[in-house]
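What follows is each chain in one-letter form.
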Amino acid sequence: MKILDILNFSRPARLTSPLSVHQCVGNESVRTDLLEKAYQLRNDPIESMKYLLAFAVSGIHQGPVMCRSRAPFNPILGETYQAVNEKDGSKLYLEQTEHHPPTFNFSLVGPNKHFEYNGFGTINAHLDTINIIKGERVGKNLLKFDDGSLYTFTTLKTRINGIVMGDRVYNYYGDLIIKDYKHKVECIMTLSDEVQQGMLSKMWYGKTNPEYDESIAIIKQVNPQTKEKEIKAKGYASWLGQVIFDDKIYWSIFDPEQKWTQTGIDFILPSDSTKREDLISLVKGDLDEAQKNKEKLEQLQRDDQKKR
């Protein structure tokens, strides 16, 4: 059985977060105000990049916080999600376009169409040990401004400890890279993988691990004469804290909360994640009914897969 089946469909509804993967992924982009600030500062590419990093870091903060270390429901093929940002009216659309491997496409359109954020993601996960799961989202994340500026974002890898025993701990690791192709600017934030400490290493190095949720973010720009990348800014970034450059806070976990909403949308597709019967039952607290509806959806997907 594939690990994503273990994480999602085969897991009892009571152990699952009452959210779809689409809702979790969508919430990673909820701080559209940071994209708008980056857009307004597009003629100052270094300052604009700082807000793009703030947007990315604010997004990776949302996943574990929303799901509280529980696995969200894996969307069924053709499942959709649409929402509007309650603050600025940005519009979000997602659709599950493949089941194995789980793949979704997304599109986010900003206010007055100043920017569009589009792409797709394929979720890969595997057991690293009996107690640890590692995963990553492979795909493309493209941001376009209405003046033709183009940016790309990479995604960090994830590591979840405590699957079977011990505390459930969620970590990110790898490189978060943002590129501005028009101005030849690049931002890199690197997070280290968590080091496993055995008994001897605990005795030697101490009982506490170093922090793995923070990084020095470096912004570089290509010098048109030398063609070399020159450091233009260094800042501090933590997905459990804030993003700071030169004592200015660009994002903080204490910022006012923003949300996606479906209020005011004229028509929501019947395939929307919020219309899943198992999720509706789980939100109501009816665990038996949630499990029953979950199994019904699983069987419908199996039947559909046989036909395909």
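Our structure's up above, just so we're on the same page.
Overview of the structure. This one's a predicted model, so the numbers in the text were calculated from it and none came from an experiment.

Brief notes about the overall build of the chain
Secondary structure assignment for the chain yields seven helices and 14 strands. Scored against the burial criterion, the 308 residues of the chain give a buried share of 48%. Across the chain, contacts joining residues at least 24 apart in sequence account for 58% of those joining residues at least 6 apart. Summed over all atoms, the accessible surface of the chain reaches about 16,200 Å², with 53% contributed by carbon and sulfur.

Digging into the pairing of strand 4 (residues 115–129)
Bridge analysis of strand 3 (residues 103–109) against strand 4 gives seven bridges, and the strand direction is antiparallel. If you follow Asn 105 over to strand 4, its bridge partner there is Phe 120. Between strand 3 and strand 4, which pair antiparallel in sequence order, lie five residues; one of them, Asn 112, sits at a positive phi of approximately 60°. Of the strand pairs in this sheet, strand 4 and strand 5 (residues 132–145) are connected by 14 bridges, and their pairing is antiparallel. Bridge pairing in strand 5 places Asn 118 opposite Leu 142. In this structure, the hairpin formed by strand 4 and strand 5 is closed by a connection of two residues.

Considerations on a nonpolar patch on the surface
Together, Ile 130, Val 164 and Met 165 make up an exposed nonpolar region whose accessible area comes to about 350 Å². Structurally, Met 165 can be placed in the loop between strand 7 (157–161) and strand 8 (169–180). Met 165 sits in the exposed class, given a relative accessible area of 56%.

Quick look at the packing of aromatic side chains
The geometry of two aromatic rings is summed up by the distance between their centres and the angle between their planes. The tally for this structure, following the rule as stated, stands at eleven aromatic pairs. Geometrically, the ring pair formed by Phe 55 and Phe 153 is edge-to-face, given 6.2 Å between the ring centres and 75° between the ring planes. Taken together, the residues span a long stretch of sequence, with Phe 55 in helix 4 (residues 45–67) and Phe 153 in strand 6 (residues 150–153) at a distance of 98 residues. On the basis of relative accessible area, Phe 55 is assigned to the buried category, the value being 3%. Residue classification places Phe 153 among the buried positions, given a relative accessible area of 7%. Between the aromatic rings of Tyr 172 and Trp 239, the centroid separation amounts to 4.8 Å while the plane-to-plane angle is 90°, which identifies the pairing as edge-to-face. One end of the pair, Tyr 172, is in strand 8; the other, Trp 239, is in the loop between strand 11 (229–238) and strand 12 (242–245), and 67 residues separate them in sequence.

Some words on the pairing of strand 12
Alignment of strand 11 against strand 12, held across three bridges, turns out to be antiparallel. Looking at the pairing, Gly 235 lines up with Phe 245 of strand 12. The antiparallel pairing of strand 11 with strand 12 creates a hairpin that spans three residues between the two strands. Pairing of strand 12 with strand 13 (residues 248–252) involves four bridges; the strand directions are antiparallel. When the sheet's bridge partners are listed, Ile 244 is paired in strand 13 with Ile 249. A loop of two residues connects strand 12 with strand 13, the two strands running antiparallel in sequence, and Asp 246 in this loop sits at a positive phi of about 50°.

Side note on the nonpolar core
Counting residues in each nonpolar core, the largest one holds 48 residues, and the members touching the most others are Leu 52, Leu 53, Val 57, Leu 143 and Phe 153. The element contributing the most residues to this core is helix 4, with ten residues. Residues contacting Val 57, with those up to four places away along its chain left out, are Leu 176, Met 189, Ala 237, Ser 238, Trp 239, Val 243 and Trp 251.

Considering the packing of helix 6 (residues 277–284) against helix 7 (residues 287–307)
Where helix 6 contacts helix 7, the axes come no closer than 8 Å and their chain directions differ by 170°. One element, helix 6, and the other, helix 7, form an angle in the roughly antiparallel class. Between helix 6, through Glu 277, Asp 278, Ser 281 and Leu 282, and helix 7, the contact on the second element is made entirely by Leu 287, Glu 289, Ala 290, Asn 293, Lys 294, Lys 296 and Leu 297. Across the contact of helix 6 with helix 7, the residue classes break down as four nonpolar, two polar and five charged.

Digging into the pattern of salt bridges
Evaluated as defined, the whole model comprises 13 salt bridges. A salt bridge links Glu 47 to Lys 50; the nearest nitrogen and oxygen atoms lie 3.4 Å apart. Residue Glu 47 and its partner Lys 50 are both found in helix 4; the two are separated by three residues, about one turn of the helix. We note a salt bridge from Arg 276 to Glu 79, for which the minimum N-O separation is 2.9 Å. On the criterion of sequence distance, the pair formed by Arg 276 in the loop between strand 14 (260–261) and helix 6 and Glu 79 in the loop between helix 4 and strand 1 (80–85) is long-range, its members being 197 residues apart. The residues Arg 276 and Glu 79 share a single accessibility class, namely buried. Members of the salt-bridge network, linked through shared partners, are Arg 31, Asp 33 and Asp 255.

What counts, and where the lines are drawn
The residue count restarts for each chain, going from 1 along the sequence in the order it is written. Side-chain atom pairs in this predicted model are given and counted only at pLDDT of 80 or more, local residue features only at pLDDT of at least 70, and totals for whole chains, interfaces and linings cover all residues. Just so you know, side-chain values use all the structure's heavy atoms and leave hydrogens and water out. Secondary structure elements are taken from DSSP: a helix is a run of H or I of four residues or more, a strand is a run of E of two residues or more, and numbering for both begins at the N terminus. Each residue's exposure class comes from its accessible area (1.4 Å probe, protein chains only) as a fraction of the maximum for that residue type: buried when under 20%, exposed when over 50%, partly exposed otherwise. Residue contacts are counted whenever heavy atoms from the two residues lie within 4.5 Å of one another. A 1.4 Å probe and the Shrake-Rupley method give the accessible areas. Residues count as covered only by the protein chains that appear here. Here the rule is simple: two strands pair whenever DSSP picks up at least two bridges between them. Like charges are joined within 9 Å and nonpolar side chains (Val, Leu, Ile, Met, Phe, Trp, Tyr) within 5 Å, but only among residues with over 30% relative accessible area and no salt bridge; these make up the patches. Only one rule defines a salt bridge in this text: a Lys or Arg side-chain nitrogen within 4 Å of an Asp or Glu carboxyl oxygen. Stacked, tilted and edge-to-face pairs are distinguished by plane angle, under 30 degrees for stacked and over 60 for edge-to-face with tilted covering the rest, among Phe, Tyr and Trp rings (Trp via its six-membered ring) whose centres lie within 6.5 Å. Nonpolar cores were defined as sets of buried Ala, Val, Leu, Ile, Met, Phe, Trp, Tyr and Cys residues, with membership established by side-chain atoms within 4.5 Å. Helix axes are fitted only over the stretch in contact, all axes being lines through C-alpha atoms; the angle between N-to-C directions runs from 0 to 180 degrees. Reported orientations rely on four angle classes, namely roughly parallel under 35 degrees, roughly antiparallel over 145, roughly perpendicular from 65 to 115, and oblique for the rest. Three classes are used: nonpolar for Ala, Val, Leu, Ile, Met, Phe, Trp, Tyr, Cys and Pro, charged for Asp, Glu, Lys and Arg, and polar for all others, with Gly counted as polar.

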